[in-house]
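# Architecture at a glance
Chain by chain, the residues:
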Amino acid sequence: MPPGDPPAAVGHVRWRHDFLLLWSGSAVSLLGSMSASVAGPLLALSMMRSPVAAGWVAAAGTLPNLLLHLPAGVLADRLDRRRIMLVSQLLRGAVAATLTVFLLAGERSMSLLTCAAAISGICLTFYSVAEVSAVAQIVPRERLSEAMATNEARSHVALLLGSPLGGLLYSLGRTIPFLVDAVCCFVSAGALGSIRADRFLITDVAARRRGVRALVRDLIEGLARLWTDLFLRTALTVCTITNFVFQAVVVLLVILGKEHGLPSIMIGAMLAAPGLGGIVGTVFAPAVLRSRGSTVVIVACAWVWTALIAVIAASSHPWVWLFAWGGVGFMGAHMNVALDTYQASRIPPRLLGRVAGANRFLSLGAVPLGTLCGGYVIATVGTEGTLIGAVGVIGATAVVLTVRRSLLPTVTAVQTGALDPPDLPRAMHDPAGAYGPEAGQDLAASHDPPAAQGPAHVDDLAGSGPAPGPVASGQFTRRVRPRTPSAARNGSASPPALDQPARCSPSERARRLP
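Scope of this entry: the structure provided in the associated data block. (Residues numbered from 1 in each chain as written. Predicted model: local features only at pLDDT ≥ 70, side-chain atom pairs only at ≥ 80, totals over all residues. Heavy atoms only, no water.)

## A word on the packing of helix H3 (residues 69–78) against helix H5 (residues 110–138)
In contact at an axis separation of 9 Å, H3 and H5 are set at 50° when each is read in the N-to-C sense. Taken together, the axis directions place H3 and H5 in an arrangement best described as oblique. Crossing of H3 over H5 shows right-handed handedness. For the pair H3 and H5, contact is made by His 69, Pro 71, Ala 72, Gly 73, Leu 75 and Ala 76 and by Thr 125, Phe 126, Ser 128, Val 129, Ala 130 and Ser 133, respectively. Grouping the constituent residues of the contact of H3 with H5 by class yields seven nonpolar, five polar and no charged. (Axes fitted to C-alpha atoms, helices over the stretch in contact; angles between N-to-C directions. Helix = DSSP H or I, 4+ residues; strand = E, 2+ residues; numbered from the N terminus. Parallel < 35°, antiparallel > 145°, perpendicular 65-115°, else oblique. Left-handed = near helix turned anticlockwise from the far one by under 90°. Contact = heavy atoms within 4.5 Å. Nonpolar A, V, L, I, M, F, W, Y, C, P; charged D, E, K, R; others polar.)

Set out below in structure tokens:
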């Protein structure tokens, strides 16, 4: 930067540069992993001539993603998240490179292929939880909605391109997808290594606790934080229910396509429609979140989903199914951006990994269960009965959300923070010990008023204007004015007024909820 540039401009460039490195590294990694996940079962089927072998390889890659989110969240809160991502990428790249060498040497071992898929799945799980938590340490709070929308778009694009790319690379050579995956991992690790390490410093002494009991306490603390946050608990419930129902709809669309004699390319287009809709949705989600707020977004998602599934149930035209199912993905992008933005801006950084891990464990855990149960439901009540049941379940969820809407905090993207200087390290951000005595101290602690000014007293509750310094995310604030010393009341120069963020008691917080 030129010498004359203001500090704010320097900080703006720094966080954008670091986020671009994180985003691009994750995009490359996701593309490589999607290609390898397609090639693995294909290679197992070719080697063993058995669909069971292909199923074992696919399960080895996906099971860690279902089982390890909770411990991954604990680890992300205890260790340097950048280092977790680096180690995950380097290990996954080494495994992919080793597998490539063995395949080139003529080794066709099912155990080798299964172990490689399992290790890759473990690394991806730990990487994904650490990455979600790391975004909040890089991006200023006022830009979190745009950052989360960009990440959501990246995921949809990678899912759309990764599977066809994996099939194409496999057709060129059986080892090429794994070689490309290894290269992608090392490229991603290089990008992560270029991010400033000081953003991820851990100053929380409690994070260094050791032992099984400490791990259990950390896990329980994260789950309790998720459960006690009314918005997160509600949004997570909606995501879990709809993920379960939508997997049954996926199975149903495939069956309907076969019954109507649709070509395979049309069925594939229907299944890909939510990905395309999600990409479009990420373009509009930040603006909608800023103007309408997170609560309105999740209620609107439930009602629009109900209407779209009802359209699929009422129509027999494949193109109507395609556009309606694409609309489900469009609204899903809004839900994901709202949930991720709220989570990143309102959860204390020392708990963010555990909350994100628990969130993914519960919401993504409904996916395989929905697929399994969907087949049984369709076989029992038929396609029409399944669609009616899906409309009823999602519609009932929308009704409950609408009734309870007044209890939920209405938070727009602008209200999630926007007060942190963009160039300050965001590691374990905890101004004035707002998250408890064990939390790490931040650079913002220098805003404490001098003791000479006397004890502070409450002037008025939140709503009188923002505090000048960083405000702890998710905390309701009071305007605090230093008590005027006796010398100032007798005519001496009065110290300047200083606004300080302070924690509200639970009763005050309840009174301030909309």
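Further notes follow.
## Focus on the side chain of Ser 35
Tracing the backbone through its elements, the reader meets Ser 35 in helix H1 (residues 7–48). The class for Ser 35 is buried, based on a relative accessible area of 1%. At 3.0 Å, the side chain of Ser 35 and the backbone oxygen of Leu 31 are in polar contact. Each residue touching Ser 35, except ones within four places of it in the same chain, is listed here: Gly 162, Leu 165, Gly 166, Leu 169 and Pro 177. (Buried < 20%, exposed > 50% of the residue type's maximum accessible area, 1.4 Å probe, protein only. Polar contact = N/O pair within 3.5 Å; in protein donor to acceptor, adjacent residues only side chain to side chain.)

## A closer look at the environment of Thr 397
Relative to the assigned elements, Thr 397 resides in helix H13 (residues 349–404). Counting along the chain gives 156 residues from Thr 397 to Ile 241, while the straight-line C-alpha distance between them is 8.4 Å. Once residues within four sequence positions are removed from consideration, Thr 397 is found in contact with Val 238 and Ile 241.

## Focus on the packing of aromatic side chains
For the structure shown, the criterion picks out five aromatic pairs. Ring centres of Phe 246 and Trp 325 lie 5.8 Å apart, and the angle between their planes is 85°; this geometry places the pair in the edge-to-face category. Taken together, the positions of Phe 246 in helix H9 (residues 230–259) and Trp 325 in helix H12 (residues 318–346) put the pair 79 residues apart, joining distant regions of the chain. Residue class for Phe 246 comes out buried when judged on its relative accessible area of 9%. The structure contains a cluster of three or more aromatic residues connected by ring pairs, namely Phe 246, Trp 305 and Trp 325. Between the NZ or CZ atom of Arg 233 and the centre of the ring of Trp 227, over which it lies, the distance is 4.8 Å. (Phe/Tyr/Trp six-rings, centres within 6.5 Å; stacked < 30°, edge-to-face > 60°. Lys NZ or Arg CZ within 6 Å of the ring centre and 35° of its normal.)

## Looking at the nonpolar core
Core analysis: the largest hydrophobic core is formed by 80 residues, its most contacted members being Leu 22, Val 135, Val 139, Trp 305, Ile 309, Ile 312 and Trp 325. Membership of the second largest hydrophobic core comes to 17 residues, among which are Leu 103, Leu 113, Ala 117 and Phe 178. (Core = buried A, V, L, I, M, F, W, Y, C linked by side-chain atoms within 4.5 Å.)

## Overview of a nonpolar patch on the surface
A cluster of nonpolar side chains, contributed by Leu 179, Val 183 and Val 187, occupies part of the molecular surface with about 250 Å² of accessible area. With relative accessibility at 46%, the residue Leu 179 sits in the partly exposed group. (Patch = residues over 30% accessible without salt bridge, like charges linked within 9 Å, V, L, I, M, F, W, Y side chains within 5 Å. Areas by Shrake-Rupley, 256 points an atom, 1.4 Å probe, with all protein chains shown as cover. Salt bridge = Lys/Arg side-chain N within 4 Å of Asp/Glu carboxyl O.)

## Looking at the environment of Ala 116
Relative to the helices and strands, Ala 116 resides in helix H5. With residues near it in sequence (within four places) discarded, Ala 116 still touches Val 95 and Leu 99.

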